[in-house]
Amino acid sequence: MQEHSQQLTNFNRITDVVLDISIALEKVQLMQNELNDGYFAKWEPTKNKEEIYYVAWDYDRYGVIARIGEDYIYEMKRKIEELEKMVKVLRDL
């Protein structure tokens, strides 16, 4: 009974970490789409040259969005490392 309870606890911890990774991944995907569609797609050299001002105007804002995305990527990497440690512990049992 104790062993079954421990297995269930381990399973729940792993499930929580996977869910955390999934949520962070969804956030960073949405942010990446915003960067691509909302910022980088605003100006192309073949379009109106005046549109470059929109890109310059939004530079700081989208720079913050990019840094937030980096934070989520770091969080996912950290959670994956945590998950790998949990799996290693379970293998060693």
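Only a predicted model underlies this, so the values are computations on that prediction, with no experimental measurement involved.

A. Broad picture of the overall build of the protein chain. Looking only at helices and strands, one finds three helices and zero strands in the protein chain. Beginning at the N terminus, the succession of helices and strands in the protein chain can be written as α-α-α. A compact globule built from 93 residues should have a C-alpha radius of gyration of about 12 Å, whereas the protein chain, at 21 Å, is more than 25% larger. In terms of its C-alpha atoms, the protein chain occupies a principal-axis envelope of roughly 70 × 20 × 15 Å. A total of 93 residues make up the protein chain; the buried ones form 22% of that total. Within the protein chain, contacts between residues separated by at least 24 positions form 72% of all contacts whose residues are at least 6 apart in sequence. Surface accessibility of the protein chain: about 7,600 Å² in total, with carbon and sulfur atoms responsible for 57%.

B. Summary view of helix H1 (residues 2–39). Its 38 residues give H1 an end-to-end C-alpha distance of 55 Å, which sits within 8% of 56 Å, the value for a rise of 1.5 Å per residue. Restricting attention to buried positions, one finds in H1 the residues Asn10, Ile14, Val17, Ile21, Ala24, Val28, Met31, Leu35, Gly38 and Tyr39. Of the surrounding secondary structure, the elements contacted by the buried residues of H1 are helix H2 (52–57) and helix H3 (59–92).

C. The arrangement of the side chain of lysine 79 in detail. Mapping lysine 79 onto the fold places it in helix H3. At a separation of 3.1 Å, a polar atom in the side chain of lysine 79 contacts the side chain of aspartate 20. When near neighbours in sequence (up to four residues on either side) are disregarded, lysine 79 contacts Val17, Asp20 and Ile21.

D. The arrangement of the pattern of salt bridges in detail. Considering all chains together, one arrives at three salt bridges under this definition. A salt bridge links aspartate 20 to lysine 79; the shortest N-O distance between them is 3.1 Å. In this pair, aspartate 20 is assigned in helix H1 and lysine 79 in helix H3, connecting sequence segments 59 residues apart. Judged by relative accessible area, which is 29%, aspartate 20 ranks as partly exposed. A salt bridge links glutamate 82 to lysine 79; the shortest N-O distance between them is 3.9 Å.

E. Seen up close, the packing of aromatic side chains. Within this structure, the stated rule accounts for two aromatic pairs. Between tyrosine 39 and phenylalanine 40, the aromatic rings sit 5.1 Å apart at their centres with planes inclined by 75°, giving edge-to-face as the arrangement. Ring pairs connect the aromatic residues Tyr39, Phe40 and Tyr62, which therefore count as one cluster. Here the basic side chain of arginine 61 rests over the ring of tyrosine 62, its NZ or CZ set 4.9 Å away from the ring centre.

Scoring rules and cut-offs
Residues numbered from 1 in each chain as written. Predicted model: local features only at pLDDT ≥ 70, side-chain atom pairs only at ≥ 80, totals over all residues. Heavy atoms only, no water. Helix = DSSP H or I, 4+ residues; strand = E, 2+ residues; numbered from the N terminus. Rg over C-alpha atoms; globule rule 2.2 N^0.38 Å. Buried < 20%, exposed > 50% of the residue type's maximum accessible area, 1.4 Å probe, protein only. Contact = heavy atoms within 4.5 Å. Areas by Shrake-Rupley, 256 points an atom, 1.4 Å probe, with all protein chains shown as cover. Expected span 1.5 Å × (residues − 1). Polar contact = N/O pair within 3.5 Å; in protein donor to acceptor, adjacent residues only side chain to side chain. Salt bridge = Lys/Arg side-chain N within 4 Å of Asp/Glu carboxyl O. Phe/Tyr/Trp six-rings, centres within 6.5 Å; stacked < 30°, edge-to-face > 60°. Lys NZ or Arg CZ within 6 Å of the ring centre and 35° of its normal.

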